[in-house]
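Structural features, examined
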Amino acid sequence: MNNVEPLKPNFTDASSVRRYLYRLRDVIEPLGFNRSNTFTMASLCRDELTQSLLIELADFWRLPFILGGLAGLPHYDIETWQTGLSHIPESVERSKLLIIGTAHVGMAPDGTIGHIKRRGQNQPTIACGALGAVAQAITNPVDEQAPVDPKIPSSWPTELAVLQETLGVHYAPTVPIDVGEMTFACAQVINTTMHEMLDSLTIHETCDVVVATGVQIHLEDDADQMVPVATTLRDEHGKQTPLSIG
Ligand SMILES: [Zn+2]
């Protein structure tokens, strides 16, 4: 996996998830993507807070094949991808595949990034919790010789181990981690990973692919927002063309 230089978080680019999906559709419809010919895949965190995106996505396109993934990181195993790709409807023309990838973060009413009060709870908790765990592991690295601390997982799921390894190079253990910046870095890792997986497949031979990555922001008592991070068209040669969704 390639390392990434974390983006500076830019929450001013946020719009509602619905508005984001409108803008995305406006850009890719002229490229031949429509509801009847487009298969969708999505990589988003298992956190229930993220699931509203699936409902909105289904409204515009259809329910997606799920690729992720704690923190939104897509699965690395080729079988998962091949299974999803095998579900693409047959077409006499080139098929269309839209892949959405999102990191996510909570935002408190006072603008504090990284926490949100969940339904039925009195105190805010971390969102994304998986990224919080990675930040915790970076700032409190496990001493292999030390007795096992039950608060620190002894064996990370592969996806989180990779996420920690990839993001960890950008953070000194002694420096507090900016949760907003880490969320955007995570979105970049998700984007990079999805393109690496697509590079290793030959789906571009039969399918035009758009990969759209962003950060989903959860607000208390309001609809989720989305910040686009990268949107890319992959053509029949696998060539990547960045798309601007404004
Ligand atoms: Zn999460």
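These figures come from a predicted structure and were not determined experimentally.

Looking at the nonpolar core
- Counting 44 residues, the largest nonpolar core has Leu97, Ile99, Leu163, Leu167 and Met182 as its most contacted members.
- For this core, the elements supplying multiple residues, two or more each, are strand S2 (38-43), helix H3 (78-85), strand S4 (95-107), helix H4 (129-139), helix H5 (158-168), helix H6 (179-200) and strand S7 (207-219).
- If you tally residues by element for this core, the top one is H6, at 10 residues.
- Counting residues in each nonpolar core, the second largest holds 21 residues, with Tyr20, Phe60, Trp61 and Leu98 among its members.

Observations concerning the coordination of the zinc ion
- Within the protein, the atoms that donate to the zinc ion are Cys45 (SG), His104 (NE2) and Cys128 (SG), at distances of 2.1 to 2.3 Å.
- Sequence positions of the donors to the zinc ion reduce to the motif C-x58-H-x23-C. With histidine 104 in strand S4 and cysteine 128 in the loop between strand S6 (125-126) and H4, the pair connects residues that are 24 residues apart, well separated along the chain. Each member of the pair, histidine 104 as well as cysteine 128, is classed as buried.

What to know about the environment of alanine 42
- Along the chain, alanine 42 turns up in strand S2.
- Placed 15 residues apart in sequence, alanine 42 and leucine 57 show a C-alpha to C-alpha distance of 9.3 Å.
- Setting aside its immediate chain neighbours within four residues, alanine 42 contacts Leu54, Leu57, Pro64, Phe65, Ile66, Leu67, Gly68 and Ile100.

Some remarks on the pairing of S2
- Judged by how many residues are buried, S2 sits mostly within the fold: six of six residues are covered.
- With burial as the criterion, each face of S2 is covered, one bearing Thr38, Thr40 and Ala42 and the other bearing Phe39, Met41 and Ser43.
- Sheet topology note: the S2/S4 ladder contains six bridges and is parallel. Bridging from a neighbouring strand, phenylalanine 39 pairs with leucine 97 of S4.
- As paired elements, S2 and strand S3 (residues 65-66) share two bridges and run parallel to each other. Residue pairing for S3: alanine 42 is matched across the bridge by isoleucine 66.
- Taken together, S2, helix H2 (residues 52-60) and S3 constitute a β-α-β crossover, and its handedness is right-handed.

So, the layout of surface pockets
- In this structure, the largest pocket occupies an estimated 240 Å³ of space.
- Residue composition of the lining of the largest pocket, grouped by class: three nonpolar, four polar and seven charged.

Looking at the pattern of salt bridges
- The tally for this structure, following the rule as stated, stands at seven salt bridges.
- Linking arginine 18 and glutamate 56 is a salt bridge whose minimum nitrogen-to-oxygen distance equals 2.5 Å. One end of the pair, arginine 18, is in helix H1 (residues 17-28); the other, glutamate 56, is in helix H2, and 38 residues separate them in sequence.
- Exposure remark for arginine 18: the relative accessible area of 31% places this residue in the partly exposed category.
- Overall, the relative accessible area of 23% leaves glutamate 56 in the partly exposed class.

Overview of the packing of aromatic side chains
- Scanning all chains against the criterion turns up one aromatic pair.
- When the ring of tyrosine 22 is compared with that of phenylalanine 60, the centres are 4.8 Å apart and the planes differ by 80°; the resulting orientation is edge-to-face. Taken as a pair, tyrosine 22 in helix H1 and phenylalanine 60 in helix H2 lie far apart in primary sequence, 38 residues in all.
- For phenylalanine 60, a relative accessible area of 5% puts it in the buried group.
- For the cation-ring pair, lysine 96 lies above phenylalanine 33, with the distance from its terminal atom to the ring centre recorded as 5.6 Å.

Some details on the confidence of the model for the protein
- Model confidence for the protein is summarised by a mean pLDDT of 86, while 89% of its residues fall at 70 or above.
- The complex prediction reports pTM at 0.88, with the ipTM value standing at 0.99.

So, the environment of serine 43
- Along the chain, serine 43 turns up in strand S2.
- The class of serine 43 is buried, set by a relative accessible area of 1%.
- Each C-alpha atom, one on serine 43 and one on asparagine 191, is 9.7 Å from the other, the two residues being 148 residues apart in sequence.
- If we skip the residues at most four places from it in the chain, serine 43 touches Leu67, Gly68, Gly72, Leu73, Pro74, Ile100, Gly101, Thr102 and Met194.

About the criteria used
- Residues numbered from 1 in each chain as written.
- Predicted model: local features only at pLDDT ≥ 70, side-chain atom pairs only at ≥ 80, totals over all residues.
- Heavy atoms only, no water.
- Core = buried A, V, L, I, M, F, W, Y, C linked by side-chain atoms within 4.5 Å.
- Buried < 20%, exposed > 50% of the residue type's maximum accessible area, 1.4 Å probe, protein only.
- Helix = DSSP H or I, 4+ residues; strand = E, 2+ residues; numbered from the N terminus.
- Donors = N, O, S within 2.8 Å, 3.2 Å for Na, K, Ca; no water.
- Contact = heavy atoms within 4.5 Å.
- Pairing = 2+ DSSP bridges.
- Right-handed = clockwise from strand over helix to strand, strands pointing away.
- 1 Å grid on protein atoms, 1.4 Å probe; cavity = no way out; pocket = protein on both sides within 12 Å on 5 of 7 lines; lining within 4 Å.
- Points joined across faces, edges and corners; volume = space filled by probe spheres on them.
- Nonpolar A, V, L, I, M, F, W, Y, C, P; charged D, E, K, R; others polar.
- Salt bridge = Lys/Arg side-chain N within 4 Å of Asp/Glu carboxyl O.
- Phe/Tyr/Trp six-rings, centres within 6.5 Å; stacked < 30°, edge-to-face > 60°.
- Lys NZ or Arg CZ within 6 Å of the ring centre and 35° of its normal.
- pLDDT = per-residue confidence, 0-100.

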